[in-house]
Each structure stands twice: as structure tokens, then as C-alpha cells.
Amino acid sequence: MTLRAMTPADLPGAVALQRACFPPPFPADLLWSEAHLQAHLDRFPQGQFVALAGEQVIGSASALLISERNWEAHADWETTTGGHYFEAHDPRGTTLFGADISVDPAWRGQGVGRALYQARFDLVRNLGVVRFGTACRIPDWLEWSVAHRESSKQAYALAVVKGETRDRTLTPLLRMGLRYRGIVEGHMDDDESGDAAAILEWTP
Ligand SMILES: CC(C)(COP(=O)(O)OP(=O)(O)OC[C@H]1O[C@@H](n2cnc3c(N)ncnc32)[C@H](O)[C@@H]1OP(=O)(O)O)[C@@H](O)C(=O)NCCC(=O)NCCS
């Protein structure tokens, strides 16, 4: 596996990876197109990474810089990022905001996500910004809420933080050193997560 900055040649592979990583019920219109990824490269090339096995894109991570006010508002994904073209990117921003991380299902659990996160943490240090922040899907909330007859996403996330239950997305990100800061409701259309996300932060 090699990890490096994304280039325009990687875009078809990165788009194919999105489809493999976010199958239905995740809405297809929320996935990156080549035009979106090219806009990220134009705005903030340092924030875009890929992991490769040979020529194949097996992981990707997309991020932008956002202002302190934007981070502290913890608004929905669209507002925080400025949409799929990262129109909220602020070159003087203090938070490296992770808009997406995707690892090919066949390559999960083998350290690809951790390597992409290491690249993000190194970038936070190199840029001298305050933090890495993100809002993480909680896709196993739906099953848990039915089983526990409890719809609170906060209660679910705290159970994941305590290790009482595991979430296929939140658990790995906590293992990578991100800290849980709360829930943002109405984050994006995402039935499995009840449209919510867990606010996560890492500081150097
Ligand atoms: C979340 C995701 C990026 C993790 O990537 P990955 O390459 O599988 O993660 P790694 O192999 O680097 O694992 C990192 C840690 O999480 C743990 N982990 C990975 N998958 C796990 C799972 N399903 N349940 C519990 N722990 C898990 C690993 O054991 C490892 O911990 P350790 O090193 O302390 O043992 C990947 O599963 C993914 O692409 N998911 C779908 C897309 C998505 O939802 N992206 C996030 C949007 S917010």
C-alpha cells in the first residue's frame, strides 16, 4: 500500500471507490463526482489523499480548512463544507475538517484508514492549525435503537465511546485517537445514522 497526495489521474478510481464504500441506502447523489474532486484539488491540494494498491485506489480522504466560527457552529455537512465543491474552504481556517474518508471494503481492517488519518494529523502539525475535526456517521445506530428501544443518538454514541457497543464507523475513528464532542442532528440524509453524526476532534 502506498499513500500520497491525490492527483487528477486518481479521480476515476476515487469515484469508483465511493460507489463501493457507500452502497444504498446511502443516497447516490451525495457521492463525489470527478468534478467535485477536481474542485478540491484546485482549492486545497494538500488536504486530499489517496491510498493505492498497485494502480488501484483503495482509500481516499478529502478535507478542507474551515474557520473557528464554522467549526464551533457544528452545522450540517452542507453548511460546514459549503457543499460538494468545498465552497466554505478558508485558507486561513483553524480546523482541518474531514469531509470524507473511504476505504475499499476488501481492504478494511488492515490499517489503510489509520494511515490516511496519520497523513491528516501530520498535515495539522505542518500547517500549524488548531485541530482536525469531523462529523462522523453512526451507521449502526439504527439497529441499536430498534434493539434497545432507545432513539437517542447521544446515548448511542456514549455507549460506543464506553465500548459497550461497536459502530462500524465511529469505533474505528475513536481508535485512531479522535475524541467525541457531541451529536449534530440533521447532518445529512443518512437513514442508518438517523441523519445525525458524531462530532469528533483531534488536537496535536
Ligand atoms: C471507517 C473506515 C474509514 C475505517 O478504515 P479501515 O482501513 O478499516 O481502518 P483501520 O484498518 O485503519 O482500523 C483502525 C482501527 O479501527 C478498528 N476497526 C476497524 N474497523 C472496525 C470495525 N468495523 N469495528 C470495530 N473496530 C474497527 C481497527 O481494529 C483499528 O484499531 P486498532 O489499530 O486499534 O486495532 C472504513 O471502515 C470505511 O471506509 N468505512 C466506510 C466509509 C465511511 O463510513 N466513512 C466515514 C464517513 S464519516
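Residues numbered from 1 in each chain as written. Predicted model: local features only at pLDDT ≥ 70, side-chain atom pairs only at ≥ 80, totals over all residues.

Some remarks on the overall build of the protein
We count it as follows: Secondary structure follows DSSP: runs of H or I at least 4 residues long count as helices, runs of E at least 2 residues long count as strands, and numbering of each begins at the N terminus. For this measure, only C-alpha atoms enter the radius of gyration; the expected value for a globule follows 2.2 Å times N^0.38, where N is the number of residues. Comment: burial labels come from other C-beta atoms within 10 Å of the residue's own C-beta, placed from the backbone, where a count of 20 or more is buried, 12 or fewer is exposed, and between is partly exposed.
Tallying secondary structure elements over the protein gives eight helices and seven strands in all. Over its C-alpha atoms the protein spans a radius of gyration of 16 Å, differing by no more than 12% from the 17 Å that the globule rule assigns to 204 residues. Viewed in the frame of its principal axes, the protein has a C-alpha envelope of about 45 × 35 × 30 Å. Here the protein, with 204 residues, has 38% of them falling under the buried criterion.

Side note on the nonpolar core
Nonpolar side chains in soluble globular proteins tend to end up buried together. Under the convention used in this document: Buried Ala, Val, Leu, Ile, Met, Phe, Trp, Tyr and Cys residues form a nonpolar core when they are connected through C-beta atoms within 7 Å. Here, residue contact means that the backbone-derived C-beta atoms of the two residues sit within 7 Å.
Within the largest apolar cluster, 29 residues are counted, with the highest numbers of intra-cluster contacts made by A14, L64, F97 and L116. Broken down by secondary-structure element, the contributors of at least two residues to this core are α1 (11–21), β2 (49–53), β3 (56–66), β4 (95–103) and α5 (112–127). Of the residues forming this core, the biggest block, seven residues, is contributed by β3. Beyond its immediate chain neighbours, meaning those up to four positions away, L64 contacts F44, G47, T81, F86, A88, H89, F97 and A99. With 18 residues, the next largest nonpolar core counts Y156, A157, L174 and L200 among its residues.

With respect to the pairing of β2
This is how it is decided: When DSSP finds at least two bridges between two strands, those strands are taken to pair.
Pairing of strand β1 (residues 2–5) with β2, which is carried by four bridges, proceeds in the antiparallel orientation. From the neighbouring strand, R4 faces β2, where its bridge partner is V50. With five bridges connecting them, β2 and β3 associate as antiparallel partners. Its bridge partner being in β3, V50 is matched across the sheet by S60.

Concerning the domain arrangement of the protein
Inclusion rule: For the domain bounds, the source is a domain assignment made automatically or taken from a database. Classes in brief: Ala, Val, Leu, Ile, Met, Phe, Trp, Tyr, Cys and Pro nonpolar; Asp, Glu, Lys and Arg charged; the others, Gly included, polar.
Once the domains are mapped, the protein shows domain 1 (1–129) and domain 2 (135–204). Facing 13 residues of domain 1, the contacting portion of domain 2 comprises 14 residues. The leading source of residues in the side of domain 1 that touches domain 2 is α5, at six residues. Of the residues belonging to the side of domain 1 that touches domain 2, the class tally is eight nonpolar, two polar and three charged.

Focus: the environment of P8
Note on placement: P8 falls in the loop between β1 and α1. Through-space distance from the C-alpha of P8 to that of R92 is 25 Å; in sequence the pair is 84 residues apart. Not counting residues within four places of it along the chain, the set of residues in contact with P8 comprises Q38 and L41.

Observations concerning the site of the ligand
Test applied: Any residue qualifies as near a molecule or strand once its backbone-derived C-beta atom lies within 6 Å of it.
For the ligand, the set of nearby residues contains 20 residues, the closest of which are V103, R108, G113, R114 and P172. Residues of the shell around the ligand, tallied by class, amount to seven nonpolar, seven polar and six charged.

Looking at the packing of α1 against helix α2 (residues 34–43)
Where we set the bar: Lines are fitted to the C-alpha atoms to define the axes, a helix being fitted only along its stretch in contact, and any angle between axes, read from their N-to-C directions, falls within 0 to 180 degrees. For classification purposes, angles smaller than 35 degrees are called roughly parallel, those larger than 145 roughly antiparallel, those between 65 and 115 roughly perpendicular, and all remaining angles oblique. The sense of a crossing depends on the near helix, which, turned anticlockwise from the far helix by less than a right angle, makes the crossing left-handed and, turned clockwise, makes it right-handed.
At a minimum axis separation of 9 Å, α1 and α2 run at an interaxial angle of 120°. As the angle between them shows, α1 and α2 are arranged oblique. The handedness of the crossing between α1 and α2 comes out as right-handed. Taken together, the residues of α2 that come into contact with α1 (itself represented by L11, P12, A14 and V15) are E34, L37 and Q38. Partitioned by chemical class, the residues of the contact of α1 with α2 number five nonpolar, one polar and one charged.

Here's the deal with helix α7 (residues 153–161)
Operational definition: Relevant arc is that of directions from the helix axis to the C-beta atoms, nothing else.
Among the residues of α7, those classed as buried are K153, Y156, A157 and V160. Projected down its long axis, α7 carries its buried residues within an arc of 95°, all on one side. The secondary structure elements touched by the buried residues of α7 are α6 (141–148), α8 (170–175), β6 (179–184) and β7 (197–202).

Things to note about the sheet that holds strand β5 (residues 131–136)
Taking strand neighbours across the sheet as the criterion, the seven strands line up as β1-β2-β3-β4-β5-β7-β6 in an open arrangement whose pairing is mixed. Each edge of the sheet is formed by a strand with only one pairing partner; in this case those strands are β1 and β6. Within this sheet the neighbouring strands show an average axis-to-axis angle of 25°, counted without direction. In the packing of α7 onto the sheet, contacts are made with β6 and β7, and the angle to β6 comes to roughly 165°.

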